[in-house]
Amino acid sequence: MKRILLVIIALCSVTIQAQQVDKAKKLLDEVYAKMVAYNNIYIDFKYNLDNIAENINQETKGNVTIAKDKYVLNYLGATKIYDGSKTYTIVPENEEITIEKKASDDSTITPSKMLTFYKKGYKYKWDIQQNVRGRKIQYVELKPQKANSEVKQILLGIDIQTKHIYNLIEIGKNGTRTTITVNTFKTNQPLSANIFKFDREKYKKDGYTITEM
């Protein structure tokens, strides 16, 4: 009898876990479907980096404009442009520019992969729901499938009503906690035709050092 009860409990546990995974995937797919329907997205965000063991606490702000797989990211005094094939990192303080070919590192969550990274290399499940100033934020927990990943877990907070991302919390195996919180979210904004284009001649005239990786 005891063995039968244990089997029933185990089966129920597996069923509940499967339901959690299905709920999480359904919500993530709903968010993805809504986001890709926009022509472009503008996000103003707050970035927090905390590591108690190393006595690190850093807070800054930034913004990003995303159109399909292209983006312009302004953050920590630098501008990063991805035009669909190359990434241009512009640092005005040093008058330096680094040009890199399309990254192949799947573990890095770039703005253009913000909506698709969960589709490959992660296990996910339904997590807690919080009330944030009257908004219901549902969290989905994602864990890398690779054992050698430096990331322990990611918590993606989603506004249940709008199906927009509210925040992303990344917890590293070294104890570092990175939180990106959305302050402003705008869609289908009028964009300059050259917003994702890198003007090499302009920066050369301004005396920037350009390095290609």
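Data block above holds the structure.
Please read these numbers as outputs of a predicted model, since none were measured by experiment.

Thresholds, definitions, all that
- Residues numbered from 1 in each chain as written.
- Predicted model: local features only at pLDDT ≥ 70, side-chain atom pairs only at ≥ 80, totals over all residues.
- Heavy atoms only, no water.
- Helix = DSSP H or I, 4+ residues; strand = E, 2+ residues; numbered from the N terminus.
- Buried < 20%, exposed > 50% of the residue type's maximum accessible area, 1.4 Å probe, protein only.
- Polar contact = N/O pair within 3.5 Å; in protein donor to acceptor, adjacent residues only side chain to side chain.
- Phe/Tyr/Trp six-rings, centres within 6.5 Å; stacked < 30°, edge-to-face > 60°.
- Lys NZ or Arg CZ within 6 Å of the ring centre and 35° of its normal.

**Q** Kindly report on the side chain of D159, identifying the contributing residues and their values.
**A** As for its position among the elements, D159 is in strand β9 (residues 151-159). Taking relative accessible area as the criterion, D159 reaches 5% and is therefore assigned buried. Of note is the side chain of D159, whose polar atom sits 2.8 Å from the side chain of R135. Reaching out from D159, the side chain makes a polar contact with the backbone nitrogen of T162 at a distance of 3.2 Å.

**Q** Provide a residue-level description of the packing of aromatic side chains, including the pertinent values.
**A** Enumeration according to the criterion identifies six aromatic pairs in this entry. Ring plane angle 45° and centroid distance 6.2 Å describe the contact between F45 and Y75, whose orientation is recorded as tilted. Note that F45 is positioned in strand β1 (residues 41-51) and Y75 in strand β3 (residues 70-75), a separation of 30 residues in sequence. We classify F45 as buried; its relative accessible area is 7%. An aromatic cluster of three or more residues is present, and its members are Y88, F198, Y203 and Y208. One Lys or Arg, K202, reaches over the ring of Y203 and ends 4.4 Å from the middle of that ring.

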